[in-house]
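Each chain is listed here by its residues.
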Amino acid sequence: MNHFIIGLGGTGGKIIRALRKSLYQEFHGSPIPDVGIGYLYVDSSSEMMSIDDPSWKTLGTSVQLPKASQLLITDANLTSRLDNLDSYPGLKHWLGSPEAWRDILNSIVGATLGGQKRRLGRFLFACKAGNYREQVQTQVKLLQQSGETDVTFHLVLGLAGGTGSGSVIDAVAQLRDLYPDSRRFRILVYALLPDAYPHPNWDTGNYHANGFAALTELNALSVGAYQPYDVTGVKERLTLNDPFNGCFVFSNENENGLTVDVDRDLPGIVADFLYQKIVAVHNVNWASLGRMENAENGDGSPETAPQGRMPERSKRFLTFGIKRLAIPEEEISEYLTYSFARQAALQLRFNHWQPSSGFIDEPRKQDFHEFVQQKETQQRWLLSDDHLTLALGILPEDVANKRWKSFTGEWEAVIPNFKSLVRERDRATWLDELTKLCEKRFQEDYRTLGVPGFYRTKLKARKDMAREIRSRIEQEQVNEWKVGAKSAWDVSRLLIALTETLDERLKACDENVVRARNAEEEAQSRVLGNLQKWSGMSLLSRHLLGTPDSLLDAQGVHLQEMYVYRTRAEGWGFAKSLLIEVIAEITDLKGEVDRVANTLQQALKKFETGIQARLTDGGSGDLRQHLIRFYDPLQVKAVSRRLVLDEAEQKTQTGRVRAALVDKIGPDGGFAQFNQRVPESTFLDVLETVCEDNARIAHQNLVQNPKERLLGMSIIDKLRDRYGADPQELKSYVSDLVSRAGNFMALEPLEMHRAAPGIPVGVPTAISKFTVILPRAPEQAEFSKGLKDALREARTGDVEIIESDGRPNEITLVSITNLLPLRYLKPLKFLEEKYRRRIDTGGPRARLELHTEGDGSAWPRLFVASSAEVRVQALPYLLLAKALGFIHEGRNPATGADEVLLLTKDADGFDNDPVALGKSFVASAEGIDLDTLHTVKSVCNAMLAGAAYQHQDRRQELQRAILAEVESVKAAQGGNIQDETYRRFLDAGRRAVAILKGEAA
């Protein structure tokens, strides 16, 4: 079967969202066997349409609609259309006064929303009606690719606002125009009535009046009185047969007095109802549902006008109720998921396992200062003294340079060569030449630049070196975090210890420079002492003895020492600048780690909140609620704790979480990449998604005792465990459960039992069907039979039981009442009062805002007129009838009593039987009924429509006659203008004149 869900306005969007969440939780994104579902969400607000709107997420996965299933009806440039109405044939016939519209449009601030103005909602929809048709057709074609071409359309909306309530007529009309076969393309409307006590700031003036106006128009549409204009402008009025098969009307209060929150609870209730209809029983025969929705289980013909059989009040309206008795698998799964997610977040945050608690919310005690001061650590992180002074390379190209040696190694390597060179020269110059070579090496040739030049050059690359050191440290810490060896807290504390150590080393740089300079000076004094010995040698010693060689060797040692210390002093000067950059990088790295830690901490709070918000009831279930949880919350918590304390399982599941995070940040990503690619919302999504799978796997593998299993259990088994030994207790429980099930709409008994012309006598209405959908349980055949018997016995009337292969964890009770004229709805009188008050105080502008076309007077009334209302409606026409000569005042020839008669003729001009109106004209309206009212109106309207009274002079004569009659009544009441009788005739006279002028009907 193919189903197309169309959400109109915010309420419609929330119902779609709730349904998609329910379907995802059931099928995890897999196709539903043998069921095709399409969606279209139409709204004047983009609030719920964002691709990353978190409200569409369920356990880390978004069920947001794709753009092809969204239609935003704003940005329509309404002012331009208003200025050029003749260019927009789909608007000009019904839009109304341009002046009033300019006031409306000038009052809009920001994006154009429906604003609880129904005609504005229609205006917005009309501007995008072509898009609506196109998107519907595209989605329907996709559904029909399965081979099944029939489609059931479900339109879900609230009637209080401007968008859903204002667009429903055209949304239905365009569908029926596209798909006129009401058998193959069924259209069902689900309309939420305005709640009596809305949330603060919800009611901006038209809230309740919108509901009554919308119901009036839906009724008129159903009986054919309202044939709406084609808002696409292609056709004139659309001639529609069976505009909708059925319209469910419901409120937030059921007939047993249960009130649910319109915003938080009701979308889920409607979604549950749709789920049962579309998915739960798609493979079983629920024939009664289709018959009721098509009004085929009784006389679906509308109630009519008193005479003429003109349809007035449709009976294509229904209401519903739904109650679920369920093992709350969704809530249990969420509890387990959040418990596992909390453990994963704690492992990442602190990584402190305790056998009695699992991962706990506090760090392990560790000495990070000792760790960061270890020589092997500093060597690994390129932070040894040799690295900081660039005796050893830091950047990869320097590390790869094989010619780089330590300071001592550098000078040890060159001094022997220098000595060989000077020995080839005049002995008298050996020491001077050796000194010159060493100085040249220091100033020019050391690493091709000389020592000062080398460090000046490398100073420009100190930021790159600092980043390389940071990268080396970060990669090691990230890797240990990824494998679970360190927590974010550990890394943060380690970086604090490292920063403190680096600060100490930075402070020591100047001391190291001084120490190197002092050592250099000592070596230099030895060099000078050696030079003095050289200069004091005799000629014999210089040329014949071995003294020069020994002095040269000694000078080489002293020069080597001096230049090593001189180079080291330069190196420590450089190290000071490098350490400043390294400390800045490590501080920045710690900032990134702390951001990660904050994400983990915020996630922990959310998971803890999620855990605390679940399993808060006692498990007995409030039978008044629409969802009754049938489970043992203490058992759920006990099993969850056992899973949390399983060290092997928790280390496995937290490993899966870390692997999923690595996929997000990449194998070489660091903490900065985590913060960029895994913001808090993404982190929550990853943990919820992965931990849901982890929890289910753990439950499947570790909970083997059937009595302890929480997921995948049958509600039949649980009921048998509790009531199998006591059939009477089962009957008592079921009886109480069924007695609390009811429709989300109370009916008014006075209206249900009203008798009046146009209401067929003896024709059943408000026919109810109670359906129980329970899972098949062939292994519990005997208990199932007893349960079914208890369900049948718990309710009088028609109880239908359907066994389904759907959700094994729940039994669903569905009540449907159809063949309802809207006057049966108990809230309707309240809505009408609000509507009348809004009309009385708002005038023509209010009628324009409330109705999608005209002022609402053209549509059939939803209520049968009361005697008082008949009298009020009759008096203007009685004045007209007297002025037109249809009323005769005189005496009865037989009795002599005063009488007032209505005298009319038939179509051939012969007299009809006179209709007695009373003993006096003043009292003539007191006993008039609907049939007589219809007769009076018919003859007056027919006469006024004829040629004799088309001229304004003739109508002015009638007006004078009406005025004279009102004045005579005043005179009869002693001229008292406050007299009640006179006031009635005064008001009636004014309405009669308005009828004459064509200003009223």
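Residues numbered from 1 in each chain as written. Predicted model: local features only at pLDDT ≥ 70, side-chain atom pairs only at ≥ 80, totals over all residues. Heavy atoms only, no water.

Undergrad: Give a detailed account of the overall build of the protein, specifying residues and quantitative values.
TA: Secondary structure assignment for the protein yields 35 helices and 20 strands. The C-alpha radius of gyration of the protein comes to 45 Å, more than 25% above the 30 Å expected for a compact globule of 1001 residues. In terms of overall dimensions, the protein has C-alpha extents of about 180 × 80 × 55 Å along its principal axes. When burial is assessed residue by residue, the protein has 53% of its 1001 residues classed as buried. Sequence-distant contacts, at least 24 apart, represent 77% of the contacts inside the protein between residues at least 6 apart. Taken together, the 125 basic and 135 acidic charged side chains of the protein have centroids lying 2 Å from each other. (Helix = DSSP H or I, 4+ residues; strand = E, 2+ residues; numbered from the N terminus. Rg over C-alpha atoms; globule rule 2.2 N^0.38 Å. Buried < 20%, exposed > 50% of the residue type's maximum accessible area, 1.4 Å probe, protein only. Contact = heavy atoms within 4.5 Å. Lys, Arg positive; Asp, Glu negative; His and termini not counted. Charge placed at Lys NZ, Arg CZ, Asp CG, Glu CD.)

Undergrad: Tell me about the side chain of E751, residues and numbers included.
TA: Along the chain, E751 falls in helix α29 (residues 749-752). We classify E751 as buried; its relative accessible area is 7%. Residues contacting E751, with those up to four places away along its chain left out, are R823, Y824 and F863.

Undergrad: Please provide a residue-by-residue account of the packing of aromatic side chains, values included.
TA: Each aromatic ring pair is summarised here by two numbers: the centre-to-centre distance and the angle between the ring planes. Applying the stated rule across the entire model yields 31 aromatic pairs. Ring plane angle 75° and centroid distance 5.0 Å describe the contact between W353 and F359, whose orientation is recorded as edge-to-face. In terms of burial, W353 and F359 fall into one category: buried. Pairing W481 with F674 gives two aromatic rings, centres 5.5 Å apart and planes at 80°, and the pair type is edge-to-face. Within this pair, whereas W481 is found in helix α19 (residues 462-482), its partner F674 is found in helix α25 (residues 671-677), the two being separated by 193 residues in sequence. Taken together, the ring pairs in this structure connect Y190, F248, F250, F273 and F320 into an aromatic cluster. Above the ring of F371, the side-chain terminus of K486 is found at 5.3 Å from the ring centroid. (Phe/Tyr/Trp six-rings, centres within 6.5 Å; stacked < 30°, edge-to-face > 60°. Lys NZ or Arg CZ within 6 Å of the ring centre and 35° of its normal.)

Undergrad: Which residues make up the sheet that holds strand β19 (residues 898-902), and what are the values?
TA: Read across the open sheet, the 3 strands follow the order β18-β19-β20; overall the sheet is antiparallel. Across the chains shown, the open sheet's two edge strands, defined by having one partner strand only, are β18 (887-891) and β20 (915-918). Across the sheet, the axes of successive neighbouring strands diverge by a mean angle of 35°, strand direction being ignored. Bridging between β19 and β20 involves 3 bridges; their strand directions are antiparallel. Residue pairing in the sheet places L902 in a bridge with V915 of β20. (Pairing = 2+ DSSP bridges. Axes fitted to C-alpha atoms, helices over the stretch in contact; angles between N-to-C directions.)

Undergrad: Report on the pairing of strand β11 (residues 317-326), specifying residues and quantitative values.
TA: The buried count for β11 comes to 10 of 10 residues, which makes it a mostly enclosed element. Here β11 shows two buried faces, one formed by F317, T319, G321, K323 and L325 and the other by L318, F320, I322, R324 and A326. With 2 bridges joining them, strand β8 (residues 246-250) and β11 adopt parallel strand pairing. Of the residues in β11, the one forming a bridge with C247 is F317. By the bridge criterion, 9 bridges tie β11 to strand β17 (residues 810-820) in an arrangement that is antiparallel. Looking at the pairing, F317 lines up with L820 of β17. With 3 bridges connecting them, β11 and strand β14 (residues 627-629) associate as parallel partners. Looking at β14, one finds that L325 is bridged to I628.

Undergrad: Requested: an account of the pattern of salt bridges, with residues and values cited.
TA: Considering all chains together, one arrives at 81 salt bridges under this definition. Linking E708 and R642 is a salt bridge whose minimum nitrogen-to-oxygen distance equals 3.1 Å. Here the residue E708 occupies a position in the loop between α26 (680-702) and α27 (715-723), and R642 occupies one in helix α23 (residues 633-644), the gap between them amounting to 66 residues. Using a relative accessible area of 27% as the deciding quantity, one classes E708 as partly exposed. Connected through salt bridges with shared partners, the residues E303, E312, R313, E751, R754 and R823 form a single ionic network. (Salt bridge = Lys/Arg side-chain N within 4 Å of Asp/Glu carboxyl O.)

Undergrad: Kindly report on helix α32 (residues 867-883), identifying the contributing residues and their values.
TA: Since the α-helix turns once every 3.6 residues, residues separated by three or four places project in the same direction. Along its 17 residues, α32 runs 24 Å from first to last C-alpha, staying within 8% of the 24 Å computed at 1.5 Å per residue. The largest bend in α32 amounts to roughly 30° and is located at A874, with the proline P876 lying one to four residues further along. Summarising the contacts, the buried residues of α32 are in contact with β18, β20, α33 (930-945), α34 (952-972) and α35 (980-996). One or two residues past the end of α32 sits G885, with phi positive at roughly 90°. (Expected span 1.5 Å × (residues − 1). Bend = angle between axes of the 7 residues up to and from the residue.)

Undergrad: Describe the packing of α32 against α33, listing the residues and the values that go with them.
TA: It is at 9 Å that the axes of α32 and α33 come closest, and there the two elements cross at 35°. Seen from above, α32 lies across α33 with left-handed handedness. Across the interface between the two elements, V870, Q873, A874, Y877, L878, L880 and A881 of α32 pack against L930, L933, V936, K937, C940, N941 and L944 of α33. In terms of residue class, the contact of α32 with α33 is made up of 11 nonpolar, 2 polar and 1 charged. (Left-handed = near helix turned anticlockwise from the far one by under 90°. Nonpolar A, V, L, I, M, F, W, Y, C, P; charged D, E, K, R; others polar.)

Undergrad: Tell me what's going on with the nonpolar core, and back it up with residues and numbers.
TA: Among the nonpolar cores identified, the biggest contains 135 residues, and L719 and I811 are the most heavily contacted of them. Here this core takes 23 residues from helix α22 (residues 547-612), the largest share from any one element. If sequence neighbours within four positions are ignored, I811 has contacts with K323, R324, L325, I715, I716, L719, V772, I773, L774, P775 and L787. The next biggest cluster of nonpolar side chains, apart from the first, holds 78 residues, and it includes F125, L155, A220 and W859. (Core = buried A, V, L, I, M, F, W, Y, C linked by side-chain atoms within 4.5 Å.)

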